[in-house]
Amino acid sequence: MAERRPFDVLNSSLNNTVIIGMKGGYEFRGVMVAYDIHMNIVLEKAEQMRDGQVTRGMGMILLRGDSVTFISPS
Amino acid sequence: MAERRPFDVLNSSLNNTVIIGMKGGYEFRGVMVAYDIHMNIVLEKAEQMRDGQVTRGMGMILLRGDSVTFISPS
Amino acid sequence: MAERRPFDVLNSSLNNTVIIGMKGGYEFRGVMVAYDIHMNIVLEKAEQMRDGQVTRGMGMILLRGDSVTFISPS
Amino acid sequence: MAERRPFDVLNSSLNNTVIIGMKGGYEFRGVMVAYDIHMNIVLEKAEQMRDGQVTRGMGMILLRGDSVTFISPS
Amino acid sequence: MAERRPFDVLNSSLNNTVIIGMKGGYEFRGVMVAYDIHMNIVLEKAEQMRDGQVTRGMGMILLRGDSVTFISPS
Amino acid sequence: MAERRPFDVLNSSLNNTVIIGMKGGYEFRGVMVAYDIHMNIVLEKAEQMRDGQVTRGMGMILLRGDSVTFISPS
Amino acid sequence: MAERRPFDVLNSSLNNTVIIGMKGGYEFRGVMVAYDIHMNIVLEKAEQMRDGQVTRGMGMILLRGDSVTFISPS
């Protein structure tokens, strides 16, 4: 299992729903349709969340990797 | 769909209205007329927003990529 | 219009009044007389502002690009 | 013992339970199944924690190295 | 005037009194006797200031460029 | 004495107890068994501390250099 | 005087007492016995200070340059 790599999680999550943690404490949930090596991520059907509550529907959104703290398949 | 890339969102949003999230929690809404690889972004007819409320009209504005957290087509 | 680039805004704003947003939430307004690729910026007749109020006249000022969040022609 | 290196801790913790400290003060506990040179880390059976309390079950999660502050075998 | 560059302000301020803004909101005022390309700056007869009040005399001080936000001839 | 270098302190502290300051204001105390050029540090018998009080025993811990502010032999 | 450089202050302060400002607002005072190009600094007989008050004796301490904001000969 040692040969698994962190970016495998990104690749296997393509077109699936993920939760993205952002610096500042809020999160986005949506379908991940693209990413790159900087962890820039594109979600579709995105919702912004704080403390487990949906605060806003966003549609498509590009998240800048520098602000991403974690990515979790939903 | 694996070949889609995050910057495709920027390119397809040119001359369309977008919402830009900034470090510090505020946002700008406007028509994106230019961007570069650092995610420096130029908006026209920009409005500054906080908590969903427009707080100020800004006209044209250059946003420094380092301060951008997300970009969402409106 | 795709060939427009973010730094065009800086060039076209030379010798014009601009508002500069800074990390920490305050702003400067003044006449932009110089900039470089790091977004280091020089203003003349600069005023420091917070919440839309002028808090201090500064004369000439060099703003370090690392602390700049946005630049808007006034 | 001088030839020991920090990343040895990561390697020897593969497939074991670890606690990961994150910028912002919260933590994750889970089984570390992958890491890379940037300290990007993948946990399985992850739980988010704050002040020693589990606040949320997360399943699999990719933590961005830039947000990691410490890693401790549980 | 397009050929003016931000560092010209530093050079022309050598041996003159300047105000230096620092991350965290405080400032130093003193005679700038040296600087380098990272905006590391040396002041003599430096005073630390907050909210326009002198809080401490410091004599000579080396300010790390990474913490500098602005430089203004006094 | 001019030829002494900061990393000498790390080398001479190997296998001794040190206090490590972390961004965010807390500290770790433990026996330093490894470090690297990024100031990534491994402690054994580590204790987390805040305001001089031990808040938690951690056993072995890898501290990410980016979050380290100081290292002091105990 | 234009040929003076910021690091001259470090060199001329070797084996003398200095005050070091740190991100987060606290300071260290002690005898500087080593530094490097990253502004990593070693103090002996170091004392931690906040608001002008000594809060703790530290003995020898290595300060990570990334956390240093200023250095002033005492």
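Residues numbered from 1 in each chain as written. Chains lettered and ligands numbered in written order. Predicted model: local features only at pLDDT ≥ 70, side-chain atom pairs only at ≥ 80, totals over all residues. Heavy atoms only, no water.

Let us now look at the interface of chain G and chain E. A common way to express how large an interface is: the accessible area buried when the components associate. Chain G puts 20 residues into the contact, and the matching count from chain E is 22 residues. The junction of chain G with chain E conceals about 1700 Å² of combined surface from both sides, 58% of it contributed by carbon and sulfur atoms. Of all residues in chain G, the largest losses of buried area upon contact with chain E belong to G:Arg4, G:Pro6 and G:Phe70, amounting jointly to 33% of the total for that side. Here chain G is connected to chain E by three salt bridges. (Contact = heavy atoms within 4.5 Å. Buried area = accessible area lost by both parts, 1.4 Å probe. Salt bridge = Lys/Arg side-chain N within 4 Å of Asp/Glu carboxyl O.)

Overall, the coordinates contain 42 salt bridges over all chains when judged by the stated rule. The partner of D:Arg4 in a salt bridge is F:Glu44, and the shortest N-O contact between them spans 3.4 Å. Taken together, the positions of D:Arg4 in the segment before α1 (6-12) and F:Glu44 in strand β3 (residues 41-50) put the pair across two chains. (Helix = DSSP H or I, 4+ residues; strand = E, 2+ residues; numbered from the N terminus.)

This brings us to the pairing of strand β1 (residues 17-22) of chain F. All names here are of chain F. For β1, the tally of buried residues reaches five of six residues, placing the bulk of the element in the interior. With five bridges joining them, β1 and strand β2 (residues 27-35) adopt antiparallel strand pairing. When the bridges of β2 are listed, Ile19 appears paired with Arg29. Hairpin remark: β1 followed by β2, antiparallel, with four residues in the connecting loop; positive phi at Gly24, about 105 degrees. Two strands pair when backbone bridges link them, and β1 and strand β5 (residues 68-73) are joined in this way by five bridges, in the antiparallel orientation. By the bridge assignment, Val18 is partnered in β5 with Pro73. (Buried < 20%, exposed > 50% of the residue type's maximum accessible area, 1.4 Å probe, protein only. Pairing = 2+ DSSP bridges.)

A few words now on the interface of chain D and chain A. Tallying the contact residues gives 22 residues for chain D and 20 residues for chain A. With both sides pooled, the region where chain D packs onto chain A buries about 1700 Å², and carbon together with sulfur makes up 58% of that total. Measuring nitrogen to oxygen at the nearest pair gives 2.9 Å for the salt bridge that ties D:Asp66 to A:Lys23. Inspection of the region where chain D meets chain A yields eight residue pairs in polar contact (both at pLDDT 80 or more). Taken together, the elements giving at least two residues each to the side of chain D that touches chain A come down to β2 (27-35), β3 (41-50) and β4 (53-63) of chain D. (Polar contact = N/O pair within 3.5 Å; in protein donor to acceptor, adjacent residues only side chain to side chain.)

Here we come to the packing of aromatic side chains. Residues and elements named next belong to chain A. In this structure the tally under the stated criterion is 21 aromatic pairs over all chains. Seen in terms of ring centroids, Phe7 and Tyr35 are 6.5 Å apart; in terms of plane orientation they differ by 45 degrees. Their pairing is tilted. Remark: Tyr35 occurs in strand β2 (residues 27-35) and Phe7 occurs in helix α1 (residues 6-13); sequence separation between them is 28 residues. (Phe/Tyr/Trp six-rings, centres within 6.5 Å; stacked < 30°, edge-to-face > 60°.)

All right, on to the relation of the copies chain G and chain E then. Superposing chain G onto chain E takes a rotation of 52 degrees combined with a translation of 0.0 Å along the rotation axis, leaving an RMSD of 0.0 Å. A different interface surface on each copy is seen, since only 5% of the contact residues of chain G are contact residues in chain E too. (Least-squares fit on C-alpha atoms with pLDDT ≥ 70 in both.)

Side chains of residues three or four places apart in an α-helix project in the same direction, reflecting 3.6 residues per turn. All names here are of chain G. Those residues of helix α1 (residues 6-13) that fall on the buried side of the exposure criterion are Pro6, Val9, Leu10 and Ser13. Each buried residue of α1 sits inside an arc of 95 degrees when the element is viewed along its axis, so together they form one side. At the exit of α1 stands Asn15, carrying a positive phi of roughly 70 degrees. (Arc of directions from axis to C-beta.)

Take the side chain of F:Glu27 next. Relative to the assigned elements, F:Glu27 resides in strand β2. According to the relative accessible area criterion, F:Glu27 is buried, its value standing at 11%. There is a polar contact of 2.6 Å between the side chain of F:Glu27 and the side chain of G:Arg56.

Let us now look at the nonpolar core. If you look at the biggest cluster of nonpolar residues, it comprises 25 residues, and the most contacted ones within it are F:Ile20, F:Phe28, F:Leu43, F:Leu63 and F:Ile71. Elements represented by at least two residues in this core include exactly α1 (6-13), β1, β2, β3, β4 (53-63) and β5 of chain F together with β2 (27-35) of chain G. (Core = buried A, V, L, I, M, F, W, Y, C linked by side-chain atoms within 4.5 Å.)

Shape is all these values report; function is a separate question.
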